[in-house]
Structure formats: structure tokens, C-alpha cells
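These are the residues of each chain, in order.
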Amino acid sequence: MKGEGLHAVAPAFSGSPYRNAKYTKPSRGSITFLRDRILQVLFLVLGICYVGLIIYYRSMLAQDEASQQALSSTLTTLQDRHSEQMARQKAKLTEAQMALKTKEDALVKAERQLQAMDSVVEHLEKNQLVQALRKQNLFFNHLRWGKGPTRVVLEMRAVKGDDERAVEEVELEMAPFDVMPHVIHWFLTMVETGYWDGCHLIRNARHVLQFNCHARTAVTGNDRLLARVPGAGVADGKIGGFQSIVFQEFSPDFNHLPFTLGVAGRPGGEDFYVNLVENTISHGPGGQGPEPDPCFAKVVRGREVLEGWHGRLGNEFLDPKEYVLVKRMYIKG
């Protein structure tokens, strides 16, 4: 029947190896051995992990140390740059402060000089004798030399050496007569009479070239002048007495700028000098003396001649062998 076929039990296979197999309970020793093996493997794995962690942390620490060193180096560099910037800023601030102090000192000096100048001008204006002499000198200046400004030619040559015969010229222009009437009257009178002929450039300082007549002789001097002065022509060419100005005339309109002429001494004269640099402070009011040096003329031709002598001669007061002779000085035109 069909139903019986569906519910029939399949017959057992006689050839199956598991048909007659029996379960064998493991021994206690094998279990212990297996457990020990498992534990050994587990400890080995844990040891490897531990060593790995140590290596990892050491590498991390090394990286952190390198990072810290890099950070420290960066911070040091930044601090150095900051220090340099601060030093530069401090230096600039110091320079600015010094420049400001220099300007303040210059302003103080200028203010003092202006005060001294005002005092000198006021003193001269209040002195009736001085004003009378200035008016008289101005009048005679116009009578003798016209309206002005008058020009003077200075001929120079070396006393000894290769340049003994080479004559060089320097042309001077006097200040306006109404600015320095007294000193111009004194100087032009000396020029007109031949007083300066045979005198010398005797000093080559950093700031001035100075002239005087202390070494003039009867040979180098002007014959017509020396013949009129008793004893000068036959002796040593020296003229006794003081050939100086009467008072220290000064005008703020004609000050000691480069290549202007001043009168040396107290009272001024006979020495005169050429300013090589600006000497308004040292030679003007409030400078070297209680009164200023008069400034009365300027060089209009031959600056290179004076600069040449300044470069070739020794420093300060010269040896007489180095003197530069004033061969002649005359009024032009």
C-alpha cells in the first residue's frame, strides 16, 4: 500500500563506521594538559600585547619628546625674534630720544645766541659814541669808494718751494657799507695804503685760514707804505702800535658762514681770517668771547685756491717756511 511506503523506516546501512562507535570520556591528565597549553598560548599573546604596548607608548613618548623639542625650539626662535625686535625698537627709541635731545639742545643754543645777538645789537645801538663813529665811517666810505659793495683782490703765492713764483688770486666782496661801516672802513683803508702787502697766511686750522703781518719784512712789504712809517722801511718791516678796530662791530645780517671773513682778537685786528665752515655759534654772539668777531666780507672768486692751500699746508699755526705770502692786495676797479 501507498501509506505503508511513506511510513516505512529506512533500513540501517551495515557499512557505516559510526554504527558501532562508543563514546570515550577524556582523561583528567589530558584535560590538564590542554588547559596548560591554552594558558601558555594566552600568556604568550598577553606578553606580546604587553610588549607591543610598551613599544607603542615608548614611540609615543619619543614623538612627544620630539614635538616638545620642536615646540621648545620654535618658542626659543620666537623669543629671540621678539628680543631682536624689542632691541631694534629700543635702539630706534633711543636714537629718536637722542635726536630729540640734540634738537632741543640746538634750540636752546639758538635761543641763547639770539638773546646774545639782541644784547650786542642793543648795546651798540645805545652807545652814542659807537653810533657817531659808524655814521662817520659810512659817510667816508661813500666818499672814497662809492655806493659799494666794494671788491678786493688778494694775490697769494708760496714763500718757498716750487710754487714760489706762482701767484693765485682770491676775490673778496665787502658787506654793504651800512651793515658794517666801521670794520669795512678799517679794512679798506689798510688795503688802499698797501698795509697787507707782504703779510702772510700763518694758520691753517680745521675751521679757519688766518692771516697777519707779524712776519712782514722790508723786502716783502709795500715800499710806499713802509717809506711813510718811520723806521719800518729800513728795519724789519714791522709797524708799531695797534692796527685794530675800535669796537667789535656786528650785524646779524652778515654772520660767519663758510667763506666769509672775520676779524680775530680782542680788540679785533690786525689778524683776519676766512671761515672754512659755519662758525656762527663759535664766532658769533655768545661764542668764544664776550663779544662776537666782526664778519665783514665774503669770497666771491677763488674758493678753490683757499681749499687748495688748506689741503696742502700743515695743521694749525704754520712753520714760517710754510707761510703763504700775500703778495699784494688791492681794491678792484
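K.L.:
Which parts of the structure should I look at to understand the nonpolar core?
P.N.:
Among soluble globular proteins, nonpolar side chains are generally buried collectively. Ranked by internal contacts, the top residues of the largest apolar core, which has 52 residues, are Met156, Met174, Phe187, Trp196, Phe211, Phe296 and Met329. Ranked by residues supplied to this core, first place goes to helix H4 (residues 181–192) with seven residues. For Met174, the contacting residues outside a window of four places in its chain are Pro149, Thr150, Val152, Ile184, Phe187, Leu188, Phe296 and Ala297.

K.L.:
What am I meant to see in helix H3 (residues 128–145) here?
P.N.:
With 18 residues, H3 extends 25 Å between its outermost C-alpha atoms, agreeing within 8% with the 26 Å of an ideal straight helix rising 1.5 Å per residue. Among the residues of H3, those classed as buried are Val130, Arg134, Asn137, Asn141 and Trp145. Buried residues of H3, viewed axially, fall in a sector of 65°; they line one side. Exposed residues lying more than 90 degrees from the buried face of H3 are Gln128, Leu129, Lys135, Phe139 and Leu143. At the N-terminal boundary of H3, the capping side chain belongs to Asn127, with an oxygen 3.1 Å from the backbone nitrogen of Leu129. Within two residues after H3, Gly146 carries a phi angle of roughly 85°, on the positive side.

K.L.:
Mind showing me how you'd approach the environment of Leu226 here?
P.N.:
Its place among the elements puts Leu226 in helix H5 (residues 223–228). Separated by 11 residues in the primary sequence, Leu226 and Gly237 place their C-alpha atoms 6.8 Å from one another.

K.L.:
What is the right way to read the confidence of the model for the protein chain from this model?
P.N.:
If pLDDT is low for a region, its predicted coordinates should not be looked at in detail. The share of residues in the protein chain with pLDDT of 70 or more is 86%, and the mean pLDDT across the chain is 84. Within the protein chain, the element-level pLDDT minimum falls on helix H1 (residues 2–6), averaging 46, and the maximum on strand E7 (residues 295–301), averaging 98. Low confidence marks residues 1–10, where pLDDT is under 50. Its contacts with residues over four positions away, or in another chain, come to zero contacts.

K.L.:
Looking at this model, I keep getting lost on the packing of H3 against H4. Mind explaining?
P.N.:
Two numbers describe a pair of packed helices, the interaxial angle and the distance between the axes. Taken N-terminus to C-terminus, the directions of H3 and H4 make an angle of 40°; their axes are 8 Å apart at the nearest point. Taken together, the axes of H3 and H4 are oblique relative to one another. Relative to H4, H3 is oriented so that their crossing is left-handed. Judged by residue contacts, Leu133, Arg134, Asn137, Leu138, Phe140, Asn141, Arg144 and Trp145 of H3 engage Pro181, His182, Ile184, His185, Leu188, Thr189 and Glu192 from H4. Grouping the amino acids of the contact of H3 with H4 by side-chain chemistry returns seven nonpolar, five polar and three charged.

K.L.:
Help me understand the pattern of salt bridges in this model?
P.N.:
The tally for this structure, following the rule as stated, stands at 11 salt bridges. Note that Arg328 and Glu155 form a salt bridge whose closest N and O atoms lie 3.1 Å from each other. Of this pair, Arg328 sits in strand E9 (residues 324–331) while Glu155 sits in strand E1 (residues 151–158), and the two are 173 residues apart along the sequence. Its relative accessible area of 36% is what places Arg328 among the partly exposed residues. In this structure Glu155 comes out as buried when scored by relative accessible area, which is 8%. Salt bridges here are not isolated pairs; linked through shared partners, they connect Arg151, Glu169, Glu171, Glu173, Lys298, Arg301 and Lys332.

Definitions and cut-offs
Residues numbered from 1 in each chain as written. Predicted model: local features only at pLDDT ≥ 70, side-chain atom pairs only at ≥ 80, totals over all residues. Heavy atoms only, no water. Core = buried A, V, L, I, M, F, W, Y, C linked by side-chain atoms within 4.5 Å. Buried < 20%, exposed > 50% of the residue type's maximum accessible area, 1.4 Å probe, protein only. Helix = DSSP H or I, 4+ residues; strand = E, 2+ residues; numbered from the N terminus. Contact = heavy atoms within 4.5 Å. Expected span 1.5 Å × (residues − 1). Arc of directions from axis to C-beta. Polar contact = N/O pair within 3.5 Å; in protein donor to acceptor, adjacent residues only side chain to side chain. pLDDT = per-residue confidence, 0-100. Axes fitted to C-alpha atoms, helices over the stretch in contact; angles between N-to-C directions. Parallel < 35°, antiparallel > 145°, perpendicular 65-115°, else oblique. Left-handed = near helix turned anticlockwise from the far one by under 90°. Nonpolar A, V, L, I, M, F, W, Y, C, P; charged D, E, K, R; others polar. Salt bridge = Lys/Arg side-chain N within 4 Å of Asp/Glu carboxyl O.

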